[in-house]
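# Architecture and fold: a report
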Amino acid sequence: MSLDAGDDAPTVTAPNQDGEEVSLEFEEPTVLYFYPKDDTPGCTVEANQFQRERETYRDAGVDVYGVSTDDVDSHRSFCESEGLEFDLLADPDAEIADAFGVELRDGKTARTTFLLADGEVKAVYEGVDPDGHARDVLLDALDDGLVTLPE
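As a starting point, this report considers the structure included with it. (Residues numbered from 1 in each chain as written. Predicted model: local features only at pLDDT ≥ 70, side-chain atom pairs only at ≥ 80, totals over all residues. Heavy atoms only, no water.)

## Some thoughts on the side chain of T44
As a reminder, the rule being used: Helix numbering and strand numbering both begin at the N terminus, where a helix is a DSSP run of H or I of at least 4 residues and a strand a DSSP run of E of at least 2. The contact criterion used is simple: two residues touch if any of their non-hydrogen atoms lie within 4.5 Å.
Relative to the elements of secondary structure, T44 occurs in helix α1 (residues 41–52). In this view, T44 contacts D39, F78 and E82; residues no more than four positions away in its chain are not counted.

Structure representation (structure tokens):
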């Protein structure tokens with residue numbers, strides 16, 4: 001069972017697509033989205049839409065990270081082929097997925113997104129449709145007053 005809104009966010013450390021260790025405490029507004037597999041149709045749509053919204057997320061002060069059980073090399077290739085400019089965290093042993101209670105199906109993470117800030121889970125999205133999801137999460141963060149856009 002995944003974490004719920006109001007739960008404390010676990011601190012996580014994992015390598016990104018460049019093999020650099022990234023540690024997250026989720027004090028600042030952050031989107032952490034779990035996806036099943038690099039270079040698959042739905043995951044590519046979702047990643048591209050988070051990339052397309054990247055500047056707006058940045059303007060609102062929100063960091064975005066993708067997580068899957070793929071390894072660093074797979075993430076590097078996916079970022080290069082799709083022009084992704086945000087970090088994808090490699091979780092081959094599903095340690096991050098376990099910390100967030102994300103279900104595994106055949107060794108792949110279920111499509112689940114967490115909106116986090118102030119060290120806690122603010123919202124959870126399970127079983128999402130990848131098309132339009134990046135925009136929906138951003139709009140929810142704005143509607144909930146978690147973040148604002150500069151005028």
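## Points about the sheet that holds strand β8 (residues 112–117)
Note the threshold: Paired strands, as defined in this entry, are two strands with at least two bridges between them according to DSSP. Axis angles are defined between N-to-C directions and span 0 to 180 degrees, where every axis is a line fitted to C-alpha atoms and, for a helix, only to the segment in contact.
Sheet architecture is open: five strands sit in the order β5-β4-β3-β8-β9, paired in mixed fashion. The outermost strands of the open sheet, each flanked by one partner alone, are β5 (87–90) and β9 (120–126). On average, each strand axis in the sheet is tilted by 20 degrees relative to the strand beside it, whichever way the strands run. Sheet analysis places strand β4 (residues 63–68) next to β5, joined by four bridges and oriented parallel. Its bridge partner being in β5, S68 is matched across the sheet by A90. With respect to the sheet, α1 is in contact with β3 (30–34), β4 and β8, its orientation differing from that of β3 by roughly 165 degrees.

## Regarding the environment of R135
Here is the rule we go by: For every residue, the accessible area (1.4 Å probe, protein chains only) is compared with the maximum for its type, and the residue is labelled buried under 20%, exposed over 50%, or partly exposed between those bounds.
Relative to the elements of secondary structure, R135 occurs in helix α5 (residues 133–143). With a relative accessible area of 43%, R135 lands in the partly exposed category. Each C-alpha atom, one on R135 and one on Q49, is 7.7 Å from the other, the two residues being 86 residues apart in sequence.

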